Amino acid sequence: MFGLEKRRLRGIDRYLKEWKNKTVVTEFILLGFGNGPELDYLLFLMFLTNYIMTITGNTFIIALVVANQSLHIPMYFFLGNLACLDICYSSNILPRMLLSYLSGDRRISVVGCFTQYYFFGCLAAAECYLLAVMSYDRYLAVCKPLLYLFLMNLMLCLQLGAASWISGFLSNSILTFLISNLDFCGPNEIEHFFCDSFPMMKLSCSDTHMVGLVTSFVAGGCSLPPFLLTFSSYLYIIITIMRIPSSTGRKKAFSTCSSHLTVVLLFYWSILAVYVLPHHGIQISLNKVFSMFYTILTPLVNPLIYSLRNEEVKKTAQKDKYTTGFQIVDLYFKNKMK
């Protein structure tokens, strides 16, 4: 009996020693794209310009859609949601990154890191669903024009928009919970420019195999089915466009459709490359490059591709080019009172 008690005490003592040897991480360091003041200043200017253009372009789209009665149709309702989502998406990552380049302090608390990851994952998943909804809306408008207004009614628009946001926020809650329950004992340097799942898992002293599988599974579920729906919708749209008798109209419609499809493919495939494909050495080194496509580039080009190349938006913008911010608000309230 005394021998059993002695072994139990030795086990407890060994456990306490191992626990003391572990350094509990309280903050992470985001390494970003490299070190050096010259590079930091260049990156700061580049990302600051990107952020200003992203916020300006997407805010302009929201203001234009809200203030003009002619744009109160399903296509622009979803476009306004996309612009709002892209503003939140960029604001979750870029301001923190700009501050780190300006101050040189790349530290972020563990709670702050998990919070950034949670909102990043939620917004990325929501955008995956919303892009699929937008492609389905375009499919109905082009391929089923006689049934479009009947099928894509106000109630369905609200349901699809809400489902995109809610599904995105629910899907990443599971992953954030799993990753936040991992043990982080050091080192604490994240080889990325924002808090992302796999770079954080590399720093954990827990077994991350199952969490990694769940992450790939959830990411694949959030991106692959919407991608297939989006691709199928645009494929049917292209087939319908090819039947247009006018060569000028066919060329114009095909140009717009191809630009939409290019951005969508870039967004979905970069996500699939980072989270679903096998993680080998060369792919890990390219993760930051792929991540830039869906975190920085896509929110910047979405207003250009989906709106500023749209004739109806350009005509509305041209008509209101001298409208001030106060006039936009006034016009909005007048429309609401009709």
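Residues numbered from 1 in each chain as written. Predicted model: local features only at pLDDT ≥ 70, side-chain atom pairs only at ≥ 80, totals over all residues. Heavy atoms only, no water.

Novice: Teacher, can you tell me more about the overall build of the chain here?
Specialist: Along its length, the chain carries twelve helices and three strands. Considering the chain as a whole, with its 338 residues, one finds that 43% of them fall into the buried category. A sequence separation of at least 24 residues applies to 79% of the contacts in the chain between residues at least 6 apart. Entry remark: accessible area of the chain is about 18,400 Å², with carbon and sulfur atoms responsible for 70%. (Helix = DSSP H or I, 4+ residues; strand = E, 2+ residues; numbered from the N terminus. Buried < 20%, exposed > 50% of the residue type's maximum accessible area, 1.4 Å probe, protein only. Contact = heavy atoms within 4.5 Å. Areas by Shrake-Rupley, 256 points an atom, 1.4 Å probe, with all protein chains shown as cover.)

Novice: What is the right way to read helix 3 (residues 74-103) from this model?
Specialist: For an α-helix the count is 3.6 residues per turn, leaving residues at separations of three or four pointing the same way. Across its 30 residues, helix 3 extends 44 Å between first and last C-alpha, which sits within 8% of the 44 Å expected from 1.5 Å per residue. The principal kink in helix 3, of about 35 degrees, is found at S91, preceding the proline P95 by one to four residues. Buried residues dominate helix 3, accounting for 22 of its 30 residues. Positive phi shows up at G104, right after helix 3, with a value of about 85 degrees. (Expected span 1.5 Å × (residues − 1). Bend = angle between axes of the 7 residues up to and from the residue.)

Novice: Even after reading the chapter, I still don't get the nonpolar core, so can you show me in this structure?
Specialist: Inside soluble globular proteins, nonpolar side chains tend to come together where they are buried. Counting residues in each nonpolar core, the largest one holds 80 residues, and the members touching the most others are F28, F120 and Y306. Here the element with the most residues in this core is helix 4 (residues 110-143); it accounts for 17 residues. Residues within four places of F28 in sequence aside, it is in contact with R106, R107, I108, V110, C113, F184, N188, I190 and L203. (Core = buried A, V, L, I, M, F, W, Y, C linked by side-chain atoms within 4.5 Å.)

Novice: Mind showing me how you'd approach the packing of aromatic side chains here?
Specialist: To describe a pair of aromatic rings, you give the distance between the ring centres and the angle between the ring planes. Enumeration over the complete set of coordinates arrives at 21 aromatic pairs. Relative to Y268, the ring of F267 lies with its centre 5.7 Å away and its plane at 70 degrees, an arrangement referred to as edge-to-face. A relative accessible area of 0% places F267 in the buried class. An aromatic cluster is built from F33, F47, Y89, Y101, F120, F193, F194, F198, Y275 and Y294, whose rings are joined through pairwise contacts. (Phe/Tyr/Trp six-rings, centres within 6.5 Å; stacked < 30°, edge-to-face > 60°.)

Novice: What should I look at first to understand the state of the cysteines in this one?
Specialist: Per the stated rule, a full pass over the model turns up two disulfides. What pairs with C113 in a disulfide is C195, and their sulfur atoms sit 1.9 Å apart. Here the disulfide of C113 and C195 is left-handed, its torsion about the S-S bond being about -115 degrees. Of the two residues, C113 is situated in helix 4 and C195 in the loop between strand 3 (189-190) and helix 7 (197-201); the sequence distance between them amounts to 82 residues. In terms of burial, C113 and C195 fall into one category: buried. Put simply, C185 and C205 are joined by a disulfide, and their sulfur atoms are 2.0 Å apart. (Disulfide = S-S within 2.5 Å.)

Novice: Would you take a moment to explain the pattern of salt bridges for this structure?
Specialist: Close approach of charged atoms lets side chains of opposite charge pair. Tallying each qualifying case throughout the model produces five salt bridges. For D105, the salt bridge goes to R107, with nearest N and O atoms at 3.0 Å. For R107, a relative accessible area of 46% translates into the label partly exposed. The partner of R138 in a salt bridge is D137, with the nearest N and O atoms 3.0 Å apart. In this structure D137 comes out as buried when scored by relative accessible area, which is 1%. Linked through salt bridges whose partners overlap, the residues forming this network are E27, D105 and R107. (Salt bridge = Lys/Arg side-chain N within 4 Å of Asp/Glu carboxyl O.)

Novice: For this particular structure, what's the right way to read the side chain of H260?
Specialist: Tracing the sequence through the fold places H260 in helix 9 (residues 247-275). For H260, a relative accessible area of 8% corresponds to the buried category. In this structure the side chain of H260 is engaged in a polar contact, spanning 3.3 Å, whose partner is the backbone oxygen of I305. Residues contacting H260, with those up to four places away along its chain left out, are Y234, I305 and Y306. (Polar contact = N/O pair within 3.5 Å; in protein donor to acceptor, adjacent residues only side chain to side chain.)

Novice: Would you take a moment to explain a nonpolar patch on the surface for this structure?
Specialist: Side chains of L146, L147, F150 and L151 sit close together on the surface and give an oily, nonpolar patch of about 470 Å² of accessible area. Here F150 falls in the exposed class, since its relative accessible area comes to 63%. (Patch = residues over 30% accessible without salt bridge, like charges linked within 9 Å, V, L, I, M, F, W, Y side chains within 5 Å.)

Novice: What is the right way to look at the pairing of strand 1 (residues 27-30) in this model?
Specialist: Here is the key point about a regular strand: its side chains alternate between the two faces of the sheet. Judged by which residues are buried, strand 1 turns out to be one-sided: F28 and L30 face inward and are buried, whereas E27 and I29, on the alternate face, are not. Relative to strand 2 (residues 107-109), strand 1 runs antiparallel, the two sharing three bridges. Paired with F28 across the strands is I108, a residue of strand 2. Pairing geometry for strand 1 and strand 3, over two bridges, is parallel. Bridging across to strand 3, L30 finds its partner in I190. (Pairing = 2+ DSSP bridges.)

Novice: I tried to follow the confidence of the model for the chain on my own but got confused; where do I start?
Specialist: The predicted structure's coordinates, where accompanied by low pLDDT, should not be read in detail. Taken residue by residue, the chain gives an average pLDDT of 82. The fraction at 70 or more is 78%. For residues 322-338, every residue scores under 50 in pLDDT, and the model assigns this stretch nine contacts once sequence neighbours within four places are set aside. (pLDDT = per-residue confidence, 0-100.)

Novice: Any chance you could explain the sheet that holds strand 3 here in plain terms?
Specialist: Reading across from one edge, 2-1-3 is the order of the three strands in this open sheet, with mixed pairing throughout. At either margin of the open sheet sits one strand with a lone partner, and together these are strand 2 and strand 3. Against the sheet, helix 4 makes contact with strand 1, strand 2 and strand 3, and its axis sits at roughly 85 degrees relative to strand 2, the strand it touches most. (Axes fitted to C-alpha atoms, helices over the stretch in contact; angles between N-to-C directions.)

Novice: Sorry, what's going on with the environment of F177 here?
Specialist: Secondary-structure assignment places F177 in helix 6 (residues 154-180). Given a relative accessible area of 55%, F177 falls into the exposed group. When the C-alpha positions of F177 and Y118 are compared, they lie 9.1 Å apart, and in sequence the two are 59 residues distant.

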